[in-house]
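Fold and contact review
One-letter residues, chain by chain:
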Amino acid sequence: MTSREEKASRMFGCSERERALFEAGVKMGAVYHQFVGTPVSPYNVAELEKTIEHSVMVQPFVESASVNIKINMNDEKKDVYDYVSLKGEMIDAVIRIKVNGVSVTAEMRYLEELEYPLMYVSDVSQ
């Protein structure tokens with residue numbers, strides 16, 4: 001553990017497991033709230049997926065990030081005005097966090113039965 005991390009770690013009044021869960025929530029919130037509203041079309045969807053993944057990967061404790069944006073890739077661009085704004089229901093994301101010995105996998109998926117892009121913890125392990 002680095003000196004900076006030792007100092008930061010002292011600020012948390014919780015277990016390492018709870019901190020790992022907290023860190024996963026922060027990353028998921030960042031994916032949603034930083035990128036919803038971004039212009040997206042079939043022409044830039046792959047680049048936007050990679051941009052989101054790379055922006056999450058530079059944050060502390062992230063081991064991996066995978067983002068899939070669901071957009072109709074068969075549509076031809078009709079004119080210069082033909083794009084949509086990224087919405088939460090278009091994002092599937094999986095982020096794996098590791099804080100010391102605790103790993104957390106957090107996911108975001110649009111669930112039809114809830115009509116909501118749900119962020120949830122799918123795995124916690126030590």
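First things first, this report covers the structure right here in the doc. Quantities reported herein were computed from a predicted structural model and do not represent experimental measurements.

**Focus on the overall build of the chain**
A count of helical and extended segments in the chain gives 3 helices and 6 strands. Dimensions of the chain, computed from C-alpha atoms along their principal axes, come out at roughly 55 × 35 × 20 Å. Going through the 126 residues of the chain one by one, you find that 33% of them count as buried. In the chain, once contacts between residues fewer than 6 apart in sequence are set aside, the share between residues at least 24 apart is 55%. Of the roughly 7800 Å² of accessible surface on the chain, 52% is carried by carbon and sulfur atoms.

**Here's the deal with helix H2 (residues 16-35)**
Here H2 contains 20 residues, and its C-alpha end-to-end distance of 29 Å stays within 8% of the 28 Å for a straight helix at 1.5 Å per residue. Taken together, the buried positions of H2 are Arg19, Ala20, Glu23, Ala24, Lys27, Met28, Gly29, Ala30, Val31 and Phe35. On its buried face, H2 is in contact with helix H1 (3-9), helix H3 (45-57), strand S2 (62-69), strand S4 (91-99), strand S5 (102-111) and strand S6 (116-125). Just beyond H2, the residue with positive phi is Gly37, at close to 105°.

**Section: the pattern of salt bridges**
Summed over the entire model, instances satisfying the criterion amount to 9 salt bridges. With a closest N to O distance of 2.5 Å, Glu23 and Lys27 form a salt bridge. Within this pair, Glu23 and its partner Lys27 are both found in helix H2, separated by 4 residues, close to a single helical turn. The same class applies to Glu23 as to Lys27, namely buried. Ionic pairing is found between Arg96 and Asp123, a salt bridge with its closest N-O pair at 4.0 Å. Of this pair, Arg96 sits in strand S4 while Asp123 sits in strand S6, and the two are 27 residues apart along the sequence. The partly exposed category is assigned to Arg96, whose relative accessible area is 24%.

**Looking at the pairing of S6**
Note on strand geometry: in a regular strand, side chains alternate between the two faces of the sheet. Direction of pairing for S5 relative to S6: antiparallel, over a ladder of 9 bridges. Bridging from a neighbouring strand, Ala106 pairs with Val121 of S6. Between the end of S5 and the start of S6, which pair antiparallel, lie 4 residues, with Glu115 showing a positive phi angle near 50°.

What counts, and at which threshold
Residues numbered from 1 in each chain as written. Predicted model: local features only at pLDDT ≥ 70, side-chain atom pairs only at ≥ 80, totals over all residues. Heavy atoms only, no water. Helix = DSSP H or I, 4+ residues; strand = E, 2+ residues; numbered from the N terminus. Buried < 20%, exposed > 50% of the residue type's maximum accessible area, 1.4 Å probe, protein only. Contact = heavy atoms within 4.5 Å. Areas by Shrake-Rupley, 256 points an atom, 1.4 Å probe, with all protein chains shown as cover. Expected span 1.5 Å × (residues − 1). Salt bridge = Lys/Arg side-chain N within 4 Å of Asp/Glu carboxyl O. Pairing = 2+ DSSP bridges.

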